[in-house]
Amino acid sequence: MATSQKNLSVYDKDKLPDAKDMKIGFVVSEWNPDITESLFQGGFDALLDVGVLKENIVRWNVPGSFELPYACKKMQESFDMLDAIVAVGNVIQGETKHFDFVCQGLTQGIMELNLKGDIPVIFCVLTDNTKAQSEERSGGIHGNKGTEAAIAAIKMGQLRKDAKFYKAT
Ligand SMILES: Nc1c(NC[C@H](O)[C@H](O)[C@H](O)CO)[nH]c(=O)[nH]c1=O
Ligand SMILES: CC(=O)[C@@H](O)COP(=O)(O)O
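Residues numbered from 1 in each chain as written. Chains lettered and ligands numbered in written order. Predicted model: local features only at pLDDT ≥ 70, side-chain atom pairs only at ≥ 80, totals over all residues. Heavy atoms only, no water.

1. Digging into the site of ligand 1
So, point 1. The local shell around ligand 1 consists of Ser-29, Trp-31, Asn-32, Gly-64, Ser-65, Phe-66, Glu-67, Asn-90, Val-91, Ile-92 and His-98.
So, point 2. For ligand 1, a nitrogen atom lies 2.8 Å from a polar atom in the backbone of Asn-90.
So, point 3. The separation between an oxygen atom of ligand 1 and a polar main-chain atom of Ile-92 is 3.2 Å.
So, point 4. Protein coverage of the free-state accessible area of ligand 1, which is 430 Å², stands at 76%.
So, point 5. Along the lines of polarity and charge, the residues of the shell around ligand 1 split into four nonpolar, six polar and one charged. (Near = heavy atom within 4 Å. Polar contact = N/O pair within 3.5 Å; in protein donor to acceptor, adjacent residues only side chain to side chain. Areas by Shrake-Rupley, 256 points an atom, 1.4 Å probe, with all protein chains shown as cover. Nonpolar A, V, L, I, M, F, W, Y, C, P; charged D, E, K, R; others polar.)

2. Digging into the pairing of strand E3 (residues 84–92)
So, point 1. With eight of its nine residues buried, E3 lies for the most part within the structure.
So, point 2. One ladder, built from five bridges, connects strand E1 (residues 24–29) with E3; its direction is parallel. Residue pairing across strands places Ile-24 opposite Ala-84, the latter belonging to E3.
So, point 3. Here E3 pairs with strand E4 (residues 121–128) via eight bridges, running parallel. From the neighbouring strand, Val-88 faces E4, where its bridge partner is Cys-124.
So, point 4. For the handedness criterion, the β-α-β arrangement of E3, helix H3 (residues 98–116) and E4 is classed as right-handed. (Buried < 20%, exposed > 50% of the residue type's maximum accessible area, 1.4 Å probe, protein only. Helix = DSSP H or I, 4+ residues; strand = E, 2+ residues; numbered from the N terminus. Pairing = 2+ DSSP bridges. Right-handed = clockwise from strand over helix to strand, strands pointing away.)

3. Brief notes about the nonpolar core
So, point 1. Ranked by size, the top nonpolar core spans 26 residues in total, and within it Ile-24, Phe-26, Leu-47, Val-86 and Ile-154 carry the most contacts.
So, point 2. Of all elements in the fold, only E1, helix H1 (33–49), E3, E4 and helix H5 (145–168) reach the threshold of two or more residues within this core.
So, point 3. Counting residues per element, this core draws most heavily on H1, at six residues.
So, point 4. Beyond its immediate chain neighbours, meaning those up to four positions away, Leu-47 contacts Ile-24, Phe-26, Val-52, Ile-57, Ala-150 and Ile-154.
So, point 5. Core analysis: the second largest hydrophobic core is formed by 20 residues, Ala-71, Val-91, Val-102 and Leu-113 among them. (Core = buried A, V, L, I, M, F, W, Y, C linked by side-chain atoms within 4.5 Å. Contact = heavy atoms within 4.5 Å.)

What follows is the structure, given as structure tokens:
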């Protein structure tokens, strides 16, 4: 289903796990800062709305989206008390194939962190053809992917807790 068929900012608080003790990390790309800051703010606000404490949210910045996997890996290693990490970026098609390689690299990198690491890394990266598409998905007519990513972080953080519980028993 295309994003245009689903508002990215819609969630049901009653169907979410208890998030008051959760600790969430953000790694935010500095490329297209108007977009990435909107994504971050959407995610940050959603976490507070569902009960996460401000002091339990940590943020690092990186130069661009291609650096997201490295910083997320370091955050996994440095903050093992985190329940989830949200990787925030915005890649917009330019004149060359650079878009393809940035998107391919960061996507593969983040997937590897999820499969090899212990803390889930949420893919909050807009990979768009135009700036208008990015604006529509970072607080515009299609909602905010940062909100969607924050809710995913809560759900995946709980799944990780459940998995540890079952393994321990
Ligand atoms: N064009 C975009 C980039 N390019 C920069 C790369 O992400 C990277 O920082 C550079 O190649 C140095 O390693 N990054 C974005 O996040 N968004 C873009 O549209
Ligand atoms: C995704 C990019 O790196 C891209 O915006 C760079 O633009 P260009 O392909 O015109 O060099």
